[in-house]
Amino acid sequence: MLAGMRSGMQKILAGLVWIAIAAIAAIAGIAAGTVWIVRHPHSPLLDPAADWPVAGLILEDLRHRPGPAPFTIPGEDAGEVGDGGTEDVPSLRPSRPRPAVPGAPGAVVFPPNIQPEGVERVVVKPGIPLLAEPRPGAARILVPTRVAVLKVLDRRPDWVKVQYGEVDGWVPDPAWIGPDPPLGSDPDPVRPVVGRPPDEELLARARARLVPPEAAGRLGSYLLYTDVQSAALLAFLDRVAAALDDTYRARYGVSPIGEPVEAVVLFREDRSYREFLDEDKVLAGLPAQAHTGYGVVALFDGGRTDEEVGAALVHELGHLLNRRAIGPSLPSWLDEGIADDLSQSRLDPSGRLVPGTLGGVTIREGRRIEMRGARAALQSLIAAAGTGTLRPLPELLALDWDDFVRRRADVNYAQASFFVRYLLQGEQGTLAPGFRSFLADVAGGMPPAPERLRERVGRPWPVLEAGYRLWLLSMREDRPLVP
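All values reported here derive from a predicted model rather than from experimental measurement.

**Student:** Before we go on, may I ask you to explain the pattern of salt bridges in this structure?
**Tutor:** Pairing of side chains with opposite charge becomes possible as their charged atoms draw close. Within this structure, the stated rule accounts for 19 salt bridges. One salt bridge connects Arg135 with Glu133, and the closest N-O pair in it is separated by 3.2 Å. Residue class for Arg135 comes out partly exposed when judged on its relative accessible area of 39%. In this structure, the salt-bridge partner of Arg469 is Glu465, at a minimum N-O distance of 3.0 Å. Highlighted residues: Arg469 and Glu465, both in helix H14 (residues 461–474), separated by 4 residues, approximately one helical turn.

Have a look at this one:
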């Protein structure tokens with residue numbers, strides 16, 4: 001009997017092994033097929049797929065891409081160059097649009113832009129009751145069960161009156177903890193908020209790290225405090241900041257409310273910035289190039305190129321624009337994805353951002369060539385896609401802040417930023433109306449749930465995943481990024 005059972009188990013195990021081998025072979029076949037399609041989009045074998053709903057759009061996109069862009073290598077006496085090649089200014093509209101058919105899958109009507117009223121808001125800790133009157137022992141109205149970002153209606157000494165849905169109530173200090181929810185929290189949805197003036201204590205600590213003499217001024221509408229003495233760099237950054245609101249509005253279809261009131265602290269030395277960063281218990285030790293919090297943007301020059309410093313500034317201002325246009329406490333993939341989508345684009349000599357292009361710099365030292373910025377991020381993504389180590393999109397979209405920045409952060413940032421680009425530019429722009437509609441939903445107070453995004457773009461997750469990865473592979477270094 002035991003021998004029979006042993007024989008049966010061996011047969012079952014053998015069957016499982018063959019099933020696993022078949023699955024691996026299928027996955028390998030799909031990966032090889034995807035690479036072949038990207039390299040041979042004009043093959044007549046693919047003609048039947050031209051009429052398929054999603055595959056047809058991707059195939060047409062591949063077939064109508066221009067040929068390889070020239071790539072220049074600097075001479076022996078060259079130092080840093082721009083982005084290592086030439087690149088056309090992209091159009092925010094698809095180059096070969098298909099007419100939208102009413103009722104067709106993926107056809108989404110983009111609603112009018114929502115511009116909510118700018119109001120002061122505070123974050124209330126979970127479990128703190130809203131009271132009927134501003135005094136201890138007053139009747140309880142309700143008790144939030146999670147972090148809540150609430151509209152401020154009135155203030156009294158040590159008390160603040162807030163609005164929770166259709167209900168008003170009072171909470172005591174320190175039950176309310178300012179306008180920024182804790183990192184990694186899951187707060188109630190909130191509409192866009194007005195700019196936040198810099199926290200005086202935090203700003204004072206940052207300015208104390210500047211090497212005298214300190215200079216004060218403005219970058220666009222933002223306050224500036226710096227020990228950088230390069231007038232050319234400061235003038236360039238001023239132009240970058242001044243033009244960013246309009247660029248953001250045009251690219252994402254949502255409008256920032258109010259005016260910027262935050263402060264930028266630009267350190268001349270990397271060391272000064274690191275000392276200031278390490279004073280924050282949450283951020284200490286992270287390999288950050290810049291960061292934002294409590295109304296203060298901090299970054300450094302450190303001898304980097306103007307374009308690199310400008311990109312760091314754009315990333316952090318992107319976070320502030322997200323707060324004013326969509327809302328605070330966005331999911332990490334969305335907040336960081338938009339900020340990186342902006343910062344990885346090219347800055348032209350006038351300081352204006354060219355969205356959708358590949359920015360960054362290429363450094364050559366002897367025979368060594370180093371890419372920094374968008375191209376390096378893209379190549380790391382393509383390598384991860386080729387080895388099957390990219391996170392599935394639902395998993396990426398579910399990461400909280402701590403996991404996003406501490407576990408494979410470089411890949412997470414890159415995957416999120418190019419996913420945002422895919423939603424805006426992939427499949428010849430047919431996903432863009434749905435993505436912008438999703439952003440308008442969130443700005444209107446709807447939860448930024450992944451399923452809402454999927455419904456707005458009109459794609460099942462497997463189809464969206466396949467389209468994104470195919471689009472990534474089509475963006476190899478020998479092809480330009482945009483249609």
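That was the structure; now back to the text.
**Student:** Looking at this structure, I do not really get the side chain of Asp227. What am I missing?
**Tutor:** On the secondary structure map, Asp227 appears in the loop between strand E9 (222–226) and helix H4 (231–252). For Asp227, which is buried and forms no salt bridge, the nearest opposite charge comes from Arg268, at a distance of 4.8 Å. Within polar-contact distance, the side chain of Asp227 engages the backbone nitrogen of Val211 at 2.8 Å. Polar side-chain contacts of Asp227 include one of 2.6 Å to the backbone nitrogen of Arg268.

**Student:** Would you mind showing me how to read the sheet that holds strand E12 (residues 296–300) here?
**Tutor:** The strands making up a sheet are joined through hydrogen bonds of the backbone, oriented either antiparallel or parallel. Judged by pairing direction, the sheet is mixed, and its 5 strands sit side by side in the order E8-E9-E10-E12-E11 without closing on themselves. Where the open sheet ends on each side, the last strands, each with one partner, are strand E8 (215–219) and strand E11 (290–293). Ignoring which end each strand starts from, the neighbouring axes of this sheet average 20° apart. Both strand E10 (residues 263–267) and E12 contribute to a ladder of 5 bridges, which runs parallel. Across the sheet, residue Val264 finds its bridge partner in E12, namely Val297. Of the strands in this sheet, E8, E9 and E10 touch H4, which is tilted by about 35° from E8.

Reading the values: rules and limits
- Residues numbered from 1 in each chain as written.
- Predicted model: local features only at pLDDT ≥ 70, side-chain atom pairs only at ≥ 80, totals over all residues.
- Heavy atoms only, no water.
- Salt bridge = Lys/Arg side-chain N within 4 Å of Asp/Glu carboxyl O.
- Buried < 20%, exposed > 50% of the residue type's maximum accessible area, 1.4 Å probe, protein only.
- Helix = DSSP H or I, 4+ residues; strand = E, 2+ residues; numbered from the N terminus.
- Lys, Arg positive; Asp, Glu negative; His and termini not counted.
- Polar contact = N/O pair within 3.5 Å; in protein donor to acceptor, adjacent residues only side chain to side chain.
- Pairing = 2+ DSSP bridges.
- Axes fitted to C-alpha atoms, helices over the stretch in contact; angles between N-to-C directions.
- Contact = heavy atoms within 4.5 Å.

So far we have only geometry, and geometry alone does not tell us how the molecule works.
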